[in-house]
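# Analysis of the macromolecular model
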Amino acid sequence: FGCDRTGRSLLPALGRKKEPLVILDFNPVVVERLIAEGRRAFYGDAVDKEILDSLGLSRSRLVVSTLNSLEDDLTLLGEVKSLKNPPVAIFMASSPHNALSLYEAGADYVVVPQVAAGENIAHLLSGEIDKKELSSLREKHFDRLAKERF
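So, here is what we can say about the structure in this document. Bear in mind that the values here come from a model prediction, so they are computed numbers and not experimental data.

## Concerning helix H1 (residues 5–15)
Taken as a whole, H1 has its buried residues at Gly 7, Arg 8, Leu 11 and Leu 14. One side of H1 carries all its buried residues, which in axial view fall inside an arc of 115°. Each element contacted by the buried residues of H1 is listed here: strand E1 (23–25), helix H2 (28–36), strand E3 (62–65) and helix H7 (131–148).

This is the structure we're talking about:
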């Protein structure tokens, strides 16, 4: 759910899973771009029960939400957890407080971008800083950002 900035970064990993992938986004420009790329993308509101039913939420094995709205995420998570066989539910939260709310509501995992960024930088600093390796990481990161043009 949501496939612009963060969600778009997940597409390569999700595509390797060999499972059918269905994308729902509330931005028609994003949906048009995804459809042009040959993806199964739909326009709609992630908290609309009729849309969730029409997309086959009850058959999902994994739900990933990058909505970044606690209210919408909690509503979506409630729908997911009400299913007979709920899929794994991974969410993104804008703060540790919101992450705790999602965990308390039953999310399987919640990513807090600021925390993840700190952990990533800490990992870079955990050993000897190798300028050559850092330069290689920089080039890959730059190329990915330039390609996506967030």
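## So, unusual backbone geometry
The backbone of Asn 68 shows a phi angle near 65°, a positive value even though the residue is not glycine. Note on placement: Asn 68 falls in the loop between E3 and helix H4 (70–81). Assessed through its relative accessible area of 42%, Asn 68 is described here as partly exposed.

## Some remarks on the packing of H4 against helix H5 (residues 96–104)
For the pair H4 and H5, the least separation of the axes is 10 Å and the interaxial angle reads 15°. Regarding the angle of H4 to H5, the classification is roughly parallel. Every pair of crossing elements has a handedness; the one defined by H4 and H5 is right-handed. Of H5, the residues touching H4 (which contributes Leu 70, Asp 73, Leu 74 and Leu 77) are Asn 98, Ser 101 and Leu 102.

## Quick word on the sheet that holds strand E5 (residues 109–111)
Here we have 3 strands laid out as an open sheet, ordered E3-E4-E5, and parallel in their pairing. Two strands lie at the open edges of the sheet, namely E3 and E5, each paired on one side alone. The sheet shows a mean angle of 15° between the axes of neighbouring strands, direction not considered. Across 3 bridges, strand E4 (residues 88–92) lies against E5 in parallel orientation. Following the sheet pairing, Phe 91 is matched in E5 by Val 110. Its contacts with the sheet put H4 on E3 and E4, and the angle it makes with E4 is roughly 175°. Taken strand by strand, H5 contacts E4 and E5, and its axis lies near 165° from that of E5.

## Section: the side chain of Ser 101
Along the polypeptide, Ser 101 turns up in helix H5. Classification of Ser 101 as buried rests on a relative accessible area of 19%. Residue contacts for Ser 101: discarding those within four places in its chain leaves Leu 70 and Leu 74.

Rules and cut-offs
Residues numbered from 1 in each chain as written. Predicted model: local features only at pLDDT ≥ 70, side-chain atom pairs only at ≥ 80, totals over all residues. Heavy atoms only, no water. Buried < 20%, exposed > 50% of the residue type's maximum accessible area, 1.4 Å probe, protein only. Helix = DSSP H or I, 4+ residues; strand = E, 2+ residues; numbered from the N terminus. Arc of directions from axis to C-beta. Contact = heavy atoms within 4.5 Å. Axes fitted to C-alpha atoms, helices over the stretch in contact; angles between N-to-C directions. Parallel < 35°, antiparallel > 145°, perpendicular 65-115°, else oblique. Left-handed = near helix turned anticlockwise from the far one by under 90°. Pairing = 2+ DSSP bridges.

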